[in-house]
Amino acid sequence: MSATSAAVARWRVAEGKPTSPPVLFVIDDDTGVMTALRDDLSRRFGRDFRVVAESSAAAGLAVLRGLADEHARVALLIVDHGLSGMAGVDFLARAHAMHPLAKRVLLVERDYSADSPVVRAMTLGQADYHLTKPWMLEQDLYREISEFLADWATDQQAGFELFHVIGRLQDRGTHQLRELLARFNEPFRFYDADSEQGRRLLQGKGLDASRLPVVIRHDGYTMVGPTPTQIIEATGGTVSSDVDECDVVIVGAGPAGLTAAVYAASEGLQTVVLEETVSGGQAGNSPMIRNYPGFAHGVSGHDLTRRACEQAWMFGAHMVFSQPVVGLECQATERVVYLADGHRIAARAIIVATGIAWRRLGVARLEALVGAGVFYGAAGSETRAMEGRDVHVVGAGNSAGQTALHLARYARQVTMLVRRDSLAQTMSDYLIREIEATGNITVRLHTEVRDGHGDDHLEALTLYDKLDDQSEQVPTAALFVLIGGEPLTQWLPDTVQLKWGYILTGRDVVRDGSHPSRWPLDRAPLPLETSVPGVFAVGDARYRSIKRVASAVGDGATAVRLVHEYLCTEDATEAGRNLQVLHRHCTSSPHQPAH
Ligand SMILES: Cc1cc2nc3c(=O)[nH]c(=O)nc-3n(C[C@H](O)[C@H](O)[C@H](O)COP(=O)(O)OP(=O)(O)OC[C@H]3O[C@@H](n4cnc5c(N)ncnc54)[C@H](O)[C@@H]3O)c2cc1C
């Protein structure tokens with residue numbers, strides 16, 4: 001049974017009643033193509049899905065209306081671009097309005113020109129995927145359809161629930177917990193403490209709603225108001241390091257740190273990765289990355305980083321979560337990092353990959369409502385809760401644009417609040433066009449957020465229009481803040497040269513600068529090396545970095561090559577000799593599942 005079939009089957013069981021199978025809908029007015037596709041899909045997916053095929057736009061819309069009336073679940077809408085009488089994207093739009101949870105697939109002729117209709121449809125967010133016809137091999141078709149269905153199944157939140165979370169939607173602790181579980185990719189279901197099921201679950205454990213959130217694991221293990229560390233431990237993650245000496249310590253498990261871990265561990269370096277929260281970094285919060293090479297339909301940042309994390313673990317990297325690094329010391333022959341729990345780890349080289357944190361709005365009442373209607377960074381676990389509501393997004397960069405587009409799939413109205421008088425200086429052109437083409441996104445230019453209202457959750461915002469010099473109070477269900485970030489480098493000693501908080505590396509290191517951060521050696525620093533020999537910086541925390549996933553990944557891979565080079569230099573030899581001896585004595589402990 002495929003993963004998708006299993007997810008569908010479990011979904012049915014979880015619902016407790018047999019439901020009619022979800023629908024794969026196909027429309028092409030070339031009856032030969034329509035029949036071939038219907039037959040191919042039925043052969044492979046017919047056991048779990050109902051394949052419905054039509055050859056005219058009018059008949060297709062009528063069938064879809066009927067399916068909506070009977071509350072059938074449509075998983076895929078596969079629509080030929082060249083339907084006669086109606087453009088494929090228009091048909092998709094009407095079909096999607098009836099079945100908003102279906103994934104939209106545009107069927108196109110082979111045409112790899114920039115004018116291909118699918119290029120425009122993907123850019124404007126009118127389709128989720130494309131299929132080319134004729135398909136040469138059934139296997140290729142099945143692989144692609146399976147991927148689309150896997151995404152659909154994920155959206156349905158189908159499958160096994162590892163945790164039941166009982167809490168209140170507007171409660172900050174509950175929000176943080178859901179956020180953590182979502183980032184850790186742990187399947188869970190949320191129950192409001194005041195709902196019948198929520199009350200029943202609490203009673204079953206002899207608890208009431210006086211201390212929330214409560215988390216019940218599938219095997220009955222129950223945690224009341226758990227800390228992030230307890231949650232990570234309950235999922236099998238490692239939260240402390242049993243290695244005291246190693247070849248490389250990597251601080252931060254975003255794309256840069258994870259890539260460095262994959263390369264370092266795969267090249268035989270004993271590697272420890274220390275992460276303050278869980279792996280993924282900012283990218284782990286990004287719902288859809290469309291510019292990462294190799295993913296024509298985009299990739300969820302969460303999926304991408306989860307895979308990198310698993311890969312690093314498979315190569316033998318020690319992944320340690322919920323473990324912030326609070327200090328770095330460079331002794332004569334070793335580099336030492338200090339952990340928040342008081343432990344120290346010595347390494348021959350350190351790679352700093354701590355990224356950036358989102359800049360705060362600085363409005364006291366909004367800060368007090370963080371997690372209770374005010375969210376920093378992209379919409380993650382709370383996206384679905386925005387269904388049918390009016391929400392606001394502050395910011396004018398690509399991340400703000402992507403978040404607005406993602407929210408627009410669920411919210412009734414998304415308003416972007418932008419201080420400048422245009423998006424053009426700060427946002428990629430493709431995103432601007434996609435936003436313009438999305439009916440339920442409004443962009444309010446020269447507008448500042450001045451205040452927030454609501455006792456225990458956000459209810460309204462005071463917005464100030466700089467052009468009119470007017471303030472206005474507007475109701476809102478949520479505010480998503482994406483206004484840039486600050487590098488997470490405060491924990492570094494002042495021997496590490498910084499500029500505006502970002503870490504200087506390579507040629508930027510000031511070699512004749514004043515004490516204490518003067519470059520100490522005769523040789524020049526290596527390209528990603530900081531002002532401390534043997535300490536490297538990668539990704540967003542590095543001065544002049546590009547602030548993209550692919551560049552962070554590139555940095556991470558490059559840094560490992562440079563670590564090898566550093567370890568061959570004379571200044572590292574002594575440290576290496578000492579640590580290699582210790583290294584041989586390190587007992588290799590069984591690794592925990594990494595995320
Ligand atoms: C919403 C959103 C959408 C985005 N969309 C795109 C996109 O479409 N395309 C694109 O190319 N880029 C995108 N980006 C930017 C991209 O995600 C970043 O450039 C990339 O994640 C940077 O990777 P990094 O590893 O350098 O840092 P980060 O991803 O910031 O990871 C740093 C990690 O270090 C950890 N850490 C920090 N301090 C410590 C410490 N003291 N001890 C231990 N661990 C620590 C953090 O918890 C974090 O996990 C987006 C960013 C956001 C927020």
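Preceding this section is the structure that the text describes.
A brief report on the enclosed structure follows. Everything numeric here is computed off the predicted structure, so don't read it as measured data.

Time to look at the pattern of salt bridges. Tallied over the full model, the rule gives 24 salt bridges. Across the pair D303 and R306 runs a salt bridge whose closest N-O atoms are separated by 3.6 Å. Of this pair, D303 and R306 both sit in helix α11 (residues 301-314), three residues apart, which is roughly one turn of the helix. Here R306 falls in the partly exposed class, since its relative accessible area comes to 23%. E529 is the salt-bridge partner of R523, the closest N and O atoms lying 2.9 Å from each other. Taken together, the shared-partner salt bridges in this structure form one network comprising D28, D80 and K133.

Near the ligand there are 34 residues, and of these E275, Q282, Q402, D540 and V549 occur at the shortest range. Within the side chain of E275, an N or O atom sits 2.6 Å from an oxygen atom of the ligand. Here V325 contributes a backbone N or O atom positioned 3.0 Å from a nitrogen atom of the ligand. Protein coverage of the free-state accessible area of the ligand, which is 1000 Å², stands at 94%. Taken together, the residues that form the shell around the ligand break down as 17 nonpolar, twelve polar and five charged.

Relative to the helices and strands, T462 is located in strand β22 (residues 460-465). Residue classification places T462 among the buried residues on the basis of a relative accessible area of 15%. In this structure T462 touches E448, V449, R450, D451, H453, S471, E472 and Q473, once residues within four positions along its chain are discounted.

Now for a negative patch on the surface. On the surface, D30, E109, D111 and D115 cluster together into a negatively charged patch. Note that D30 resides in the loop between β1 (23-27) and α2 (31-45). What makes D30 partly exposed here is its relative accessible area of 39%.

What follows is about the nonpolar core. Soluble globular proteins: nonpolar side chains tend toward being buried together. M319, I351, F536 and V563 are the most contacted members of the largest nonpolar core, which has 46 residues in total. Looking at this core, the elements with two or more residues in it are β6 (163-167), α7 (172-183), α9 (228-234), β10 (245-251), α10 (255-266), α11, β15 (344-352) and α15 (549-568). Not counting the four nearest positions on each side in its chain, V563 is found in contact with V248, L269, A349, I351 and F536.

Strand pairing in a sheet is mediated by backbone hydrogen bonds. Such pairs are either parallel or antiparallel. The strand order β2-β1-β3-β4-β5 describes an open sheet built from five strands, whose pairing is parallel. Because the sheet does not close on itself, it has two edges, and the strands there are β2 (50-54) and β5 (129-133). When the angles between neighbouring strand axes are averaged without regard to direction, this sheet yields 20°. Across five bridges, the pairing between β1 and β2 is parallel. Looking across to β2, one finds that I27 is bridged to E54. In this fold α2 packs onto β1, β2, β3 (74-80), β4 (103-109) and β5, with an angle of close to 180° to the strand it touches most, β2. Sitting on the sheet, helix α6 (residues 138-155) touches β1, β3, β4 and β5, and the angle it makes with β5 is about 160°.

Scanning the model with the defined rule gives nine aromatic pairs in all. When the centroid spacing of 6.2 Å and the interplanar angle of 5° are considered together, the rings of F25 and F91 count as stacked. Taken together, the positions of F25 in strand β1 and F91 in helix α4 (residues 88-98) put the pair 66 residues apart, joining distant regions of the chain. Here the two residues F25 and F91 agree in accessibility, since each one is buried. Ring plane angle 40° and centroid distance 6.2 Å describe the contact between Y292 and F295, whose orientation is recorded as tilted. Here Y292 falls in the buried class, since its relative accessible area comes to 17%.

Scoring rules and cut-offs
- Residues numbered from 1 in each chain as written.
- Predicted model: local features only at pLDDT ≥ 70, side-chain atom pairs only at ≥ 80, totals over all residues.
- Heavy atoms only, no water.
- Salt bridge = Lys/Arg side-chain N within 4 Å of Asp/Glu carboxyl O.
- Helix = DSSP H or I, 4+ residues; strand = E, 2+ residues; numbered from the N terminus.
- Buried < 20%, exposed > 50% of the residue type's maximum accessible area, 1.4 Å probe, protein only.
- Near = heavy atom within 4 Å.
- Polar contact = N/O pair within 3.5 Å; in protein donor to acceptor, adjacent residues only side chain to side chain.
- Areas by Shrake-Rupley, 256 points an atom, 1.4 Å probe, with all protein chains shown as cover.
- Nonpolar A, V, L, I, M, F, W, Y, C, P; charged D, E, K, R; others polar.
- Contact = heavy atoms within 4.5 Å.
- Patch = residues over 30% accessible without salt bridge, like charges linked within 9 Å, V, L, I, M, F, W, Y side chains within 5 Å.
- Lys, Arg positive; Asp, Glu negative; His and termini not counted.
- Charge placed at Lys NZ, Arg CZ, Asp CG, Glu CD.
- Core = buried A, V, L, I, M, F, W, Y, C linked by side-chain atoms within 4.5 Å.
- Pairing = 2+ DSSP bridges.
- Axes fitted to C-alpha atoms, helices over the stretch in contact; angles between N-to-C directions.
- Phe/Tyr/Trp six-rings, centres within 6.5 Å; stacked < 30°, edge-to-face > 60°.

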